[in-house]
Amino acid sequence: MFNALGTYLNERRRGFTKTTAYVGSAYFLGRYITARIEDVRTSIVQERTARENLRRRFDQSQEDISFTVMALLPTLGAHILQDMDVEGVTQELQSFSKAPRERIEHMPISPPSGSNVTCSMDHQRNPDVDIRSDNGSVSVISSSDGVPTELSTSSASWVDQFSMPSSQMSPFSAESAEGGTTSTSPKSSVGADLSDSMLTTSSMSSSAVPGPLHSSVSPDRQPSAPAPSIKTKAELWREVKMLTFTRTLTVIYSITLLSLFTHIQLSVLGRSKYIQSLIQQERDERMREQLEYSTSVYSLFWGDNSLEDTETDELEESETVSEETAQKYLTLSWWILHVGWKDVGERVRRGVEEVFEGVSLKTKLTAADLHRLINDVRRRVEYEVTFEGKERRINFLSTLLPPTPETLQHVLTQGGIPQWLASTRDPRFDAFLDETRAQLASGSFERVLEVCLDSAMDVLSHGVDRHVFGSHSEQEDSVPGPEVARERLAAMLPGLARWCHVALEGLPNELVDALADVREVSAFSAIIYTNYEDRFR
């Protein structure tokens, strides 16, 4: 029996050997495939987790950017509203309409002279001059939009007085302009020496208040000091026009540049923090593997140095960002908040004067006409003419960053950095600064800035339609017709002044939200945030 069994196995030995080999190969192949599938699944899960982590960090960075811009906006708004005091010039203009009534009330009864008889006859021809002068003053800023006002309001707009025909204007306005005195107090500068105003326009002075008026001057009474020069009504109207448009466009450019600069800053810092988290995660994984190996039997016979990674340690040291470095880098926004916006304001002022100098306040404009004039100013602000006579787009680099090491040192100290820390050389801070300059000079930033300014101008157009052409739109809806709504340029100034306060003080802020929703801005931030591939090659 055993011989028969042995003979049977011997005859089929090769078949059993092949079967065993096949089964063993299939078993080990199945184990190998299972292990590889598990590795692929683990890799996919880790990649998905890393991608979600990166997306979550990026979204959080975008939210932090919006909060940071809103936190810096009050400082920027205070400087712009203080140095470009449209309301102060408007109040000075309103004083001309109040002066004739005060003069009549305080005028002593005396035999009429030739000039007084002439003025009385003119006043009888225009009986409602005093009424219009009394009621013809109103604040540029209305409280209907929830924006705090500084001027007192009355029933009529100060634009109405300008819109009156010259024959209906009070004859006493000229006399009050010649006989009144003003007291001007210069505004105190904000910040240190470098933050002194670069915008040397007449709008820097406070509003003037008319002094006491006298109907006659004694011939033997000599003035103790020469009377200060006062501006005529036409000069004040011109100043209101230029200053209103200058402030409006300065607000747009300043907020747009501040928003993009904050995107660059927080994207660079967010990327560094993300790289640090990856390095720390890799270090923790390496320590876990080393702990598992040290508790195994193999560690008793063989040592393993493969878990030591000097390159990762060096990379971690080079990518570590201290709190002092991050604070110094974020302090660079002090420059645009205190100095840089004035450079923008000066460029805007020159452009506004060149474009709007020939536009009369009585000119009736449509929304398209106003948009065309503003685009003309934009071209003069955003482009400069080279020596070859060609136009070249500027990058606002000197507006966003201090141009010299001395001014950089001043910015850091004025921003709250201790003197010893500001003067200490920091390689990481220097690398951040060089990268920021490179980003500001790149073509990507130029494209993003152009798109953001277009979006900001759209927000301004909607604001003009709402604050200036709102009543005309309601009339057009009730009375259909092909006629386009027109408005005097003087009547547009109060609406533009209101819009500046809304753009700087409004919550939620329509302009900041519109800039944050621009697709190119998110793409530009993503490019900066994911610019770390060269560090891991």
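Note that this is a predicted model, so its numbers are computed, not measured.

(A) Quick peek at the overall build of the protein. Counting its secondary structure elements, the protein contains 21 helices and 4 strands. Counting the 537 residues in the protein, one finds 41% classified as buried. When contacts within the protein are restricted to residue pairs at least 6 apart in sequence, long-range pairs at least 24 apart make up 85% of them. Of the accessible surface of the protein, which amounts to about 30100 Å², a share of 54% is contributed by carbon and sulfur atoms.

(B) Representation of a nonpolar patch on the surface in the model. Together, Leu5, Tyr8, Leu9 and Phe16 make up an exposed nonpolar region whose accessible area comes to about 390 Å². At 3 residues, helix α1 (residues 2-11) tops the list of elements feeding residues into the nonpolar patch. The residue Leu9 is located in helix α1 in this model.

(C) Structural view of empty space enclosed by the protein. Considering all chains together, one arrives at 3 cavities of 30 Å³ or more under this definition. Each pocket or cavity is described by its volume, and for the second largest cavity that value is around 50 Å³. Val459, Trp499, Val502, Ala503, Asn509, Glu510 and Leu511 are the residues that line the second largest cavity. Broken down by secondary-structure element, the contributors of at least two residues to the lining of the second largest cavity are α19 (489-505) and α20 (510-516).

(D) Quick look at the nonpolar core. Ranked by size, the top nonpolar core spans 95 residues in total, and within it Leu249, Ile255, Phe356 and Trp499 carry the most contacts. Apart from residues no more than four positions distant in its own chain, Leu249 is found in contact with Val348, Val352, Ile374, Val377 and Met457.

(E) Just the side chain of Thr244, in detail. Mapped onto the elements of the fold, Thr244 is located in helix α8 (residues 233-294). When sequence neighbours within four positions are dropped, the list of residues in contact with Thr244 reads Val86, Leu493, Leu496 and Ala497.

(F) Structural detail: the pattern of salt bridges. According to the stated counting rule, one finds 19 salt bridges in the structure shown. As a salt-bridge pair, Arg466 and Glu510 come within 3.6 Å of each other at their nearest N and O atoms. One end of the pair, Arg466, is in helix α17 (residues 443-467); the other, Glu510, is in helix α20, and 44 residues separate them in sequence. The class for Glu510 is partly exposed, based on a relative accessible area of 39%.

(G) Layout of the packing of aromatic side chains. In this structure the tally under the stated criterion is 7 aromatic pairs. Between Tyr27 and Phe28 the ring centres are 5.4 Å apart and the planes differ by 75°, which places this aromatic pair in the edge-to-face class. Aromatic pair Tyr274 and Tyr529: ring centres 6.4 Å apart, planes at 40°, arrangement tilted. Note that Tyr274 is positioned in helix α8 and Tyr529 in helix α21 (residues 519-529), a separation of 255 residues in sequence. Side by side, Tyr274 and Tyr529 carry an identical accessibility label, which is buried. One aromatic cluster is present, formed by Phe58, Tyr274 and Tyr529 through successive ring pairs. Over the ring of Phe429 we find Lys328, and its NZ or CZ is 4.8 Å from the ring centre. A cation over a ring is seen here: Arg379 above Tyr383, with NZ or CZ 5.1 Å from the ring centre.

Calculation notes
Residues numbered from 1 in each chain as written. Predicted model: local features only at pLDDT ≥ 70, side-chain atom pairs only at ≥ 80, totals over all residues. Heavy atoms only, no water. Helix = DSSP H or I, 4+ residues; strand = E, 2+ residues; numbered from the N terminus. Buried < 20%, exposed > 50% of the residue type's maximum accessible area, 1.4 Å probe, protein only. Contact = heavy atoms within 4.5 Å. Areas by Shrake-Rupley, 256 points an atom, 1.4 Å probe, with all protein chains shown as cover. Patch = residues over 30% accessible without salt bridge, like charges linked within 9 Å, V, L, I, M, F, W, Y side chains within 5 Å. Salt bridge = Lys/Arg side-chain N within 4 Å of Asp/Glu carboxyl O. 1 Å grid on protein atoms, 1.4 Å probe; cavity = no way out; pocket = protein on both sides within 12 Å on 5 of 7 lines; lining within 4 Å. Points joined across faces, edges and corners; volume = space filled by probe spheres on them. Core = buried A, V, L, I, M, F, W, Y, C linked by side-chain atoms within 4.5 Å. Phe/Tyr/Trp six-rings, centres within 6.5 Å; stacked < 30°, edge-to-face > 60°. Lys NZ or Arg CZ within 6 Å of the ring centre and 35° of its normal.

It is worth stressing that arrangement in space is one thing and function is another; only the former is reported here.
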